Structures are given as structure tokens and as C-alpha cells.
Amino acid sequence: MQPTEITEILDRPISQELLARDLTRLAYVAGDGTPHSIPIAFTWNGSEIVLCTTKNAPKLPALRKNPMVALTIDTEVHPPKILLIRGRAELDVVDGIPDEYVQMNGSYEMTPEQRIAWEAEVRSLYDGMVRIVVTPTWAKLIDFETTLPTAIEELMRQRAERQHV
């Protein structure tokens, strides 16, 4: 997929709505070679998806071994809106708490006092974190109105061909 195609998909209003959500599902190949998918908070900076994790997270050795990942961001309503993204994870070990981590967790409803207590707890627990930065290399938006899953598009094309014979 060409970068211009990816940009066109990610710039669509529905994609932008999905990229503003709190959680994505990160899929990667686990250390034992099996697929693994986890929900994880994220932020979109306009060109990359940034996830943050502890320096001792089990996913890190697996991502170092095989950095290819897939992300799913979706809604819980019918028809769902789904943004599928594939890319390569780059790991960036940082001292302290990355700004993105504070930002991505800032969307949860907290009173100002709860927010202060949460940040103090986080800063006392972590001496550093790992930023997982994913630059999209492939993207697909499915909204079931203007876009459909590829398999359904294929079935509809086949049906149309049969009807025109």
C-alpha cells in the first residue's frame, strides 16, 4: 500500500474519530510463536500511533524479535466502525513518564484530586517506560456504509457478475 493511500484512509473523518478513541487492540507474535492480542491505551500524533508500556512488559522481547504488528480500533455499536492498521513497532526506552502516557490516560474521568494522586502514583512506580511507536504501512477503514470487509466486497462483486450473465 502506498503512503498516499494510507494517508487518505487515515485522514477520513471516521478514521479521525477512531484515532481519537482511548483503546486499541495490539496484535503481535508472542514469544512462543502464537498470536497475541491485547487492549492498550494509545495516542495518535498525526503520523504515528504511540503506545506506552513498562520496561519489563512481556510483549517487549516478542516485539524486538518480530516488530510487525496489527492494530484494531473499533466501536461497540451496530454497524461497527473499524479501523485496521498494520505497521512496524519501534521501541524507544525513555527515562521517566512519556508525555504520551499522561496524555492517553488523561481522557479517563477523574476529579482534579484523583488526577494528582494518579500522576503521583505513576511517577513513584515507574523510573522509565518504553514508547512503542507504530508507523502505519497499511490501513483499512470499514464503516459498513461506504466501505466493507474485503471478503464481503468480493462476494458482492461475484453476485453482480452472476446477475449480469
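Computed from a prediction, not measured in an experiment: that's the story for all the values here.

## Re the overall build of the protein chain
Here is step 1: Counting secondary structure elements, the protein chain contains six helices and seven strands.
Here is step 2: Principal-axis analysis of the C-alpha atoms gives the protein chain an extent of 70 × 40 × 25 Å.
Here is step 3: Each of the 165 residues in the protein chain was classed as buried or not, and the buried ones make up 39%.
Here is step 4: On the protein chain, roughly 9,900 Å² of surface is accessible, and the fraction owed to carbon and sulfur atoms is 55%.
Here is step 5: If the 17 positive side-chain charges of the protein chain are averaged to one point and the 24 negative ones to another, these points end up 7 Å apart.

## Side note on the side chain of Thr24
Here is step 1: Residue placement: Thr24 occurs in strand E1 (residues 23-29).
Here is step 2: Thr24 sits in the buried class, given a relative accessible area of 0%.
Here is step 3: A polar atom in the side chain of Thr24 sits 3.0 Å from the backbone oxygen of Thr72.
Here is step 4: Ignoring sequence-local partners within four residues, the contact set of Thr24 consists of Ile38, Pro39, Ile40, Phe42, Leu51, Leu71, Thr72 and Ile73.

## As for the nonpolar core
Here is step 1: By size, the foremost hydrophobic cluster in this structure holds 29 residues, and its most contacted members are Leu10, Leu19, Ile49, Leu83, Ile85 and Val134.
Here is step 2: With five residues, strand E7 (residues 128-142) is the largest single contributor of residues to this core.
Here is step 3: Apart from the residues lying within four places of it in its own chain, the contact partners of Ile85 are Leu10, Leu19, Ile49, Val69, Ala70, Leu71, Pro136, Trp138 and Ala139.
Here is step 4: Counting residues in each nonpolar core, the second largest holds eleven residues, with Val102, Val122, Met129 and Val133 among its members.

## Comments concerning the pairing of strand E2 (residues 35-41)
Here is step 1: Pairing of E1 with E2, which is carried by seven bridges, proceeds in the antiparallel orientation. Across the sheet, the residue bridging to Tyr28 is His36, located in E2.
Here is step 2: Once E1 ends, the chain turns through five residues before running back antiparallel as E2, passing Gly33 with a positive phi of about 90°.

## Here's the deal with the packing of aromatic side chains
Here is step 1: Enumeration according to the criterion identifies two aromatic pairs in this entry.
Here is step 2: Centre to centre, the rings of Tyr101 and Trp118 are 6.0 Å apart; their planes meet at 20°, and the pair counts as stacked. On the criterion of sequence distance, the pair formed by Tyr101 in helix H4 (residues 99-104) and Trp118 in helix H5 (residues 112-125) is long-range, its members being 17 residues apart.
Here is step 3: Seen in terms of ring centroids, Tyr101 and Tyr126 are 6.1 Å apart; in terms of plane orientation they differ by 80°. Their pairing is edge-to-face. Of this pair, Tyr101 sits in helix H4 while Tyr126 sits in the loop between H5 and E7; the two residues are 25 residues apart in sequence, bridging distant segments of the chain.

## Observations concerning the pairing of strand E4 (residues 49-54)
Here is step 1: In terms of burial, E4 is a largely internal element, five of the six residues being buried.
Here is step 2: Inspection of the sheet shows strand E3 (residues 43-44) paired to E4 by two bridges, in the antiparallel sense. Paired with Thr43 across the strands is Val50, a residue of E4.
Here is step 3: The hairpin formed by E3 and E4 contains four residues between the paired strands, and Gly46 there has a positive phi angle of roughly 105°.
Here is step 4: Alignment of E4 against E7, held across six bridges, turns out to be antiparallel. Considered in E7, the bridge of Leu51 is made with Ile132.

Reading the values: rules and limits
- Residues numbered from 1 in each chain as written.
- Predicted model: local features only at pLDDT ≥ 70, side-chain atom pairs only at ≥ 80, totals over all residues.
- Heavy atoms only, no water.
- Helix = DSSP H or I, 4+ residues; strand = E, 2+ residues; numbered from the N terminus.
- Buried < 20%, exposed > 50% of the residue type's maximum accessible area, 1.4 Å probe, protein only.
- Areas by Shrake-Rupley, 256 points an atom, 1.4 Å probe, with all protein chains shown as cover.
- Lys, Arg positive; Asp, Glu negative; His and termini not counted.
- Charge placed at Lys NZ, Arg CZ, Asp CG, Glu CD.
- Polar contact = N/O pair within 3.5 Å; in protein donor to acceptor, adjacent residues only side chain to side chain.
- Contact = heavy atoms within 4.5 Å.
- Core = buried A, V, L, I, M, F, W, Y, C linked by side-chain atoms within 4.5 Å.
- Pairing = 2+ DSSP bridges.
- Phe/Tyr/Trp six-rings, centres within 6.5 Å; stacked < 30°, edge-to-face > 60°.

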